[in-house]
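Each chain is listed here by its residues.
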Amino acid sequence: MFLYENQINVFSEFLEDLPDTDEPVWVLGECYNAKTGKTELLSDVHSRLWFTYRKKFSPIGGTGPSSDAGWGCMLRCGQMILAQALVCSQLGRAWRWRAEGGQPEKYHRILHCFLDRKDSCYSIHQMAQMGVGEGKSVGEWYGPNTVAQVLKKLALFDDWNSLAVYVSMDNTVVIEDITTTCPHSQSHSDWRPLLLVIPLRMGINHINPVYIQALKECFKMPQSCGVLGGKPNLAYYFIGFVGEELIYLDPHTTQSAVEAEAGSGVDDQSYHCLRSPRRMKITNLDPSVALGFFCKSEDDFDSWCNLVQQEIQMKRNLRMFELVENHPPHWPPFVPPTKPEVQTTGAEFIESTDKLFESEEEFEILNV
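Everything quoted here is computed from the prediction, not taken from an experiment. (Residues numbered from 1 in each chain as written. Predicted model: local features only at pLDDT ≥ 70, side-chain atom pairs only at ≥ 80, totals over all residues. Heavy atoms only, no water.)

For the rest of this paragraph, the subject is the packing of aromatic side chains. Enumeration over the complete set of coordinates arrives at 13 aromatic pairs. Seen in terms of ring centroids, Tyr-236 and Phe-238 are 6.1 Å apart; in terms of plane orientation they differ by 85°. Their pairing is edge-to-face. A relative accessible area of 7% means that Tyr-236 is categorised as buried. Phe-238 gets classed as buried once you look at its relative accessible area, which sits at 0%. Look at Tyr-236 and Tyr-248: their rings are 4.2 Å apart centre to centre, the planes differ by 25°, and that puts the pair in the stacked class. Of this pair, Tyr-236 sits in strand S8 (residues 234–242) while Tyr-248 is found in strand S9 (residues 245–249), placing the two residues 12 residues apart along the sequence. Taken together, the ring pairs connect Trp-191, Phe-293, Phe-301, Trp-304 and Phe-321 into an aromatic cluster. (Phe/Tyr/Trp six-rings, centres within 6.5 Å; stacked < 30°, edge-to-face > 60°. Buried < 20%, exposed > 50% of the residue type's maximum accessible area, 1.4 Å probe, protein only. Helix = DSSP H or I, 4+ residues; strand = E, 2+ residues; numbered from the N terminus.)

This part is about the packing of helix H2 (residues 73–90) against helix H5 (residues 144–154). Running from N to C, H2 and H5 point in directions that differ by 55°, and their axes come no closer than 10 Å. Classified by the interaxial angle, the pair formed by H2 and H5 is oblique. Relative to H5, the crossing made by H2 is right-handed. Along its contact with H2, which presents Met-74, Leu-75, Gly-78, Ile-81 and Leu-82, the element H5 presents Pro-144, Val-147 and Leu-151. (Axes fitted to C-alpha atoms, helices over the stretch in contact; angles between N-to-C directions. Parallel < 35°, antiparallel > 145°, perpendicular 65-115°, else oblique. Left-handed = near helix turned anticlockwise from the far one by under 90°. Contact = heavy atoms within 4.5 Å.)

Set out below in structure tokens:
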């Protein structure tokens with residue numbers, strides 16, 4: 001597998017324009033008309049934080065790689081799905097980015113969390129080294145479930161956002177476990193914002209067509225936070241669909257790392273994809289994916305549960321995953337994740353490795 005070093009050709013922007021169609025275009029729970037609402041649609045897409053391969057950052061672990069080109073695409077997609085949850089939490093789903101600047105302070109604070117430096121909470125450095133605890137060497141390619149597990153661990157160190165990350169197991173979302181995870185205390189009146197990630201395998205070698213409508217329904221939900229997936233060895237961040245095509249942000253562009261001092265604004269132009277969004281046929285999707293949903297409040301989560309029951313569970317041929325009230329008795333007891341008692345970040349207390357792989361793995365789903 002060759003390393004990606006392809007900078008965007010400005011002329012290529014016009015080759016993948018949105019289709020001229022009367023079919024609705026869905027983007028993270030919002031519906032648009034491609035003919036009459038194209039400006040609003042593109043403004044929404046351009047406002048999503050776009051993380052790509054970067055080069056010339058400080059070596060991971062001190063002596064490891066200084067670029068993630070060729071191996072970090074799923075990590076970058078993981079950053080995008082988490083960033084979407086943080087934007088919804090801190091700025092709201094209706095917030096829009098302006099190219100001329102003047103972004104709110106919270107926006108720059110979110111962006112600082114993802115800068116390519118070892119002290120940023122969700123940097124490529126932190127994610128790659130936290131992945132060591134999931135059995136991945138620095139420089140090794142990840143599947144969607146492994147990235148979700150890494151995000152769950154790193155979120156424990158993010159006191160500002162106080163985000164709860166729940167990763168489902170065995171295609172099952174347990175309401176009881178989530179209500180145990182999200183409250184700040186024993187009182188359910190103080191609900192932490194929730195990023196719910198559901199790793200799935202929707203087929204063997206190809207996506208089973210029976211799941212396609214259910215996947216579409218997920219993008220229609222107001223709580224939609226996107227989907228991690230892609231093709232074998234190529235990870236994309238899917239944000240919606242039109243007709244039989246998925247809309248996605250592609251991390252496979254190598255840009256130079258951005259320098260920024262703590263507390264300062266970030267030169268953010270390279271963190272927004274300003275061309276028309278890319279599309280691919282749903283039938284070309286690799287069956288290993290991870291669905292993402294963001295629930296800011298308990299009412300929001302209850303609403304999501306009702307939507308799942310109505311649009312997925314009650315329609316037998318649409319059932320991608322199970323939503324159950326109680327923790328299955330044959331499962332090990334559920335233990336909410338807690339931050340280790342160390343005065344350091346997650347990446348620093350894990351022994352780093354300098355091994356860098358040149359190749360990428362096949363998609364996998366690991367049940368943990």
